[in-house]
Amino acid sequence: MEQSTISPEEIIKTGTVAFKPTKAMIDTNMSYCPGCGHGVAHRLVMEVVEEMGIIEDTIGIAPVGCSVLAYDFMDIDMQQAAHGRAPAVATGIKRVFPNKHVFTYQGDGDLAAIGTSETIHACNRGENIVIIFVNNGIYGMTGGQLAPTTLPNMKTSTSPYGRDVDMTGQPLKITEMVALLPGVAFVTRQAVHKPGLVRKTKKAIKKAFKIAEEKKGLAFIEIVSNCNSGWKMRPDASNIWLEENMLPFYPLGDIKG
Amino acid sequence: MEEVHLMKGNEALAEATIRTGVDAYFGYPITPQSEVLEYLMNEQPHLRTGMAVLQAESELAAINMVYGAAACGKKAITSSSGPGISLKAEAISYIAGAELPCLIVNVVRGGAGLGTIQPSQSDYFQAVKGGGHGDYKLIVLAPASVQEMADFVDLGFKLAFKYRTPAFILSDGVIGQMMEKVILPPQQERLTDAQVDELYGDWATLGKKKNKPRNVITSLALKPEIQEEHNHHLQRKYAEITKNETRFEKINCDDANYLIVAYGASARISQKAITLAKEKGLKVGILRPITLWPFPTEAIQEMAKQVKGILAVEMSAGQMVEDVRLAVNGKVPVEHYGRFGGMIHSPTEVCNAVFEKLVNC
Ligand SMILES: Cc1ncc(C[n+]2csc(CCOP(=O)(O)OP(=O)(O)O)c2C)c(N)n1
């Protein structure tokens, strides 16, 4: 729901509807840690699906990672894919249902480590799908190990002295990489830890679904997010850390299209 | 009059996929099955039936494309050989766990490792005993002719959809590469989206309808008691398949004193071998498993009451022989014979093995 039109005074007035949950989300407790960005990202995708009136024609793909249970929260038909293979699964769906809306929702380990090949090739074929890529710089699900996107010197459970880039390489900017491919029509990097950014991310998601619908190619949205548990921080501190460390390395904004 | 064609096994299988009304083929080149993808690309099935064909970036991608399409209630198929099937193993396990109907084809070459591109039957364990992780089974069909390469496409999909489980064609480089007469199946229409909805709308992901519960395809159950129940459900299904779908062929078994159990190319070679044995006065029958899982255990048990010894002939170091021994349970001697690593045994070698391993021992 658009919230920008409601003034702060109106919001605190009793009886004002400031927020209406989307019908496309299941009304249940989420399994995500309090403060995690996955929940907001889920909601935005589902708000777009509802507002575009495409619930009946959308198939989502959950990855392996914290969002493996996305289908417990997103109230649409969904498939759960093996670790990293969501873009291949999406390709299979799209080839038999060219007119359905298909999106993958993937973490950085899923998309940029084990699934790099599937990601690059689905992008290169210009599959008319939407990829939602939640980059929290760490493997959240398995307890905070090094991810391909982990920042230099960042501590994780498998880089306890900080990421040594001489040993493990530099963080992989896969979003910039896929922007080079002609099959990819729209590439943007967004974040969801502040209300203004949430609104921008939603606009980007809507644009992405439209691009895929018009069969212009693949639409790729990176959402730079936090992992307060994996980063071993309080949620508020993790958002500040994200601003100060992740965003300089992963600058927000449109990269292509 | 029926149209009789002279075709390679791989080509007959490819043509049969178009004629069976398959919706999508996803593959990756590997000898000795590359003709499947080549034939399909050349035929342009999207113009004939609307079937999609895609060369994937890897076998991993290909089988996961099958997963996506199969989860939409569509007929999806992939083919490969040993090294590629090993890569597909993870997704095959997911497909079995998520109960998706599809068809996977292995035209077997000699291994282990990169091995050889020459024919072999050394992927029996992989196909029949698992290959991927977890308690699952595949319906495994073993064609012994170019005709069966064509016919088992339809049979495989019928079984896969009947039981909502993956079916597997375990062929070999001989059957895939050889040319024989074949009567191709008639052209079936592909199902329309409305028909798919009517038939499989209760489980397939077609988009959540307003008045229906949504569909989720997953193999995940974090709660062990739920996973256990799901596994029981799979086991009940496998028991049903075992009861209904065990297939085999008996050749010259009525008055046989010895038995060869062989599938695929080895069954063909053994047919000549038993003629040679007959010339030497020995009555040898053949029991040819058509389904390797479910395995024709009872039929072999019956034969064990009649014969003095059984030879499992397979181009491997001895894989199917273990299932023959389990069936026979020590009642009569069970021996293994087979060349492997890409070598093919001759009828004379098989005939000699019957004498050496069963008769004169
Ligand atoms: C083939 C395979 N390897 C490893 C795992 C274990 N595993 C589960 S989730 C995960 C990491 C996911 O991290 P990411 O994609 O960054 O998502 P996040 O959990 O941070 O949201 C791993 C390695 C698995 N399930 N399958």
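Residues numbered from 1 in each chain as written. Chains lettered and ligands numbered in written order. Predicted model: local features only at pLDDT ≥ 70, side-chain atom pairs only at ≥ 80, totals over all residues. Heavy atoms only, no water.

**A word on the domain arrangement of chain B**
Residue and element names in this part refer to chain B. Under the domain assignment used here, chain B contains domain 1 (3-184) and domain 2 (249-359). Domain 1 and domain 2 are separated by 26 Å when their C-alpha centres are compared. Residue-level contacts link 29 residues of domain 1 with 24 residues of domain 2. Both sides together, the interface formed by domain 1 and domain 2 hides about 2200 Å², and carbon and sulfur atoms give 56% of it. The largest share of the area that domain 1 buries against domain 2 comes from Gln121, Tyr124 and Phe125, three residues that together contribute 32% of it. (Domains from an automatic or database assignment. Contact = heavy atoms within 4.5 Å. Buried area = accessible area lost by both parts, 1.4 Å probe.)

**Points about the interface of chain A and chain B**
At the interface, 35 residues of chain A touch 35 residues of chain B. Carbon and sulfur atoms supply 57% of the area that chain A and chain B bury against each other, a total of about 2800 Å² over both sides. Applying the counting criterion to the chain A and chain B interface returns five salt bridges. The salt bridge involving Asp75 of chain A is made with Arg214 of chain B; its shortest N-O contact spans 3.4 Å. At the boundary of chain A and chain B, one finds 17 residue pairs in polar contact (both at pLDDT 80 or more). Of all the secondary-structure elements, those providing two or more residues to the side of chain A that touches chain B are strand S1 (58-62), strand S2 (77-80), helix H3 (86-96) and helix H5 (116-125) of chain A. Counting residues per element, the side of chain A that touches chain B draws most heavily on H3 of chain A, at seven residues. Counted by class, the side of chain A that touches chain B contains 17 nonpolar, eight polar and 10 charged residues. When S2 of chain A meets strand S9 (residues 216-217) of chain B, the two strands line up parallel, connected through two bridges. The residue bridging Gln79 of chain A from the neighbouring strand is Ile217 of chain B, located in S9 of chain B. (Salt bridge = Lys/Arg side-chain N within 4 Å of Asp/Glu carboxyl O. Polar contact = N/O pair within 3.5 Å; in protein donor to acceptor, adjacent residues only side chain to side chain. Helix = DSSP H or I, 4+ residues; strand = E, 2+ residues; numbered from the N terminus. Nonpolar A, V, L, I, M, F, W, Y, C, P; charged D, E, K, R; others polar. Pairing = 2+ DSSP bridges.)

**Points about the nonpolar core**
In this structure, Phe220 of chain A together with Ile310 and Val324 of chain B are the most contacted members of the largest nonpolar core, which totals 134 residues. In this structure, this core is formed jointly by two domains, domain 1 (3-184) and domain 2 (249-359) of chain B, each of which donates at least three residues. Apart from residues no more than four positions distant in its own chain, Ile310 of chain B is found in contact with Leu259, Val261, Ile300, Ala304, Val324, Val328, Val332, Pro333, Val334, Glu335 and Leu358 of chain B. (Core = buried A, V, L, I, M, F, W, Y, C linked by side-chain atoms within 4.5 Å. Buried < 20%, exposed > 50% of the residue type's maximum accessible area, 1.4 Å probe, protein only.)

**Overview of the site of the ligand**
In the vicinity of the ligand, 17 residues are found, and the nearest of them are Cys66, Gly109, Asp110, Gly140 and Met141 of chain A. More than one chain lines the surroundings of the ligand; the residues nearby belong to chains A and B. The contact in question runs from an oxygen atom of the ligand to an N or O atom on the side chain of Asn136 of chain A, over 3.1 Å. Within the backbone of Met141 of chain A, one N or O atom sits 2.9 Å away from an oxygen atom of the ligand. Coverage of the ligand by the protein amounts to 76% of the 600 Å² it exposes when considered alone. (Near = heavy atom within 4 Å. Areas by Shrake-Rupley, 256 points an atom, 1.4 Å probe, with all protein chains shown as cover.)

**Some words on the pairing of strand S7 (residues 184-191) of chain A**
All names here are of chain A. Across the eight residues that make up S7, a large majority, seven, are buried. Bridge count for S7 against strand S8 (residues 218-224) is seven bridges, and the pairing is parallel. When the bridges of S8 are listed, Val187 appears paired with Phe220. After leaving S7, the chain enters helix H8 (residues 195-213) and then returns to the sheet as S8, a path that is right-handed. Pairing analysis gives three bridges linking S7 to strand S9 (residues 253-256), with the strands arranged antiparallel. Residue pairing for S9: Arg189 is matched across the bridge by Gly253. (Right-handed = clockwise from strand over helix to strand, strands pointing away.)

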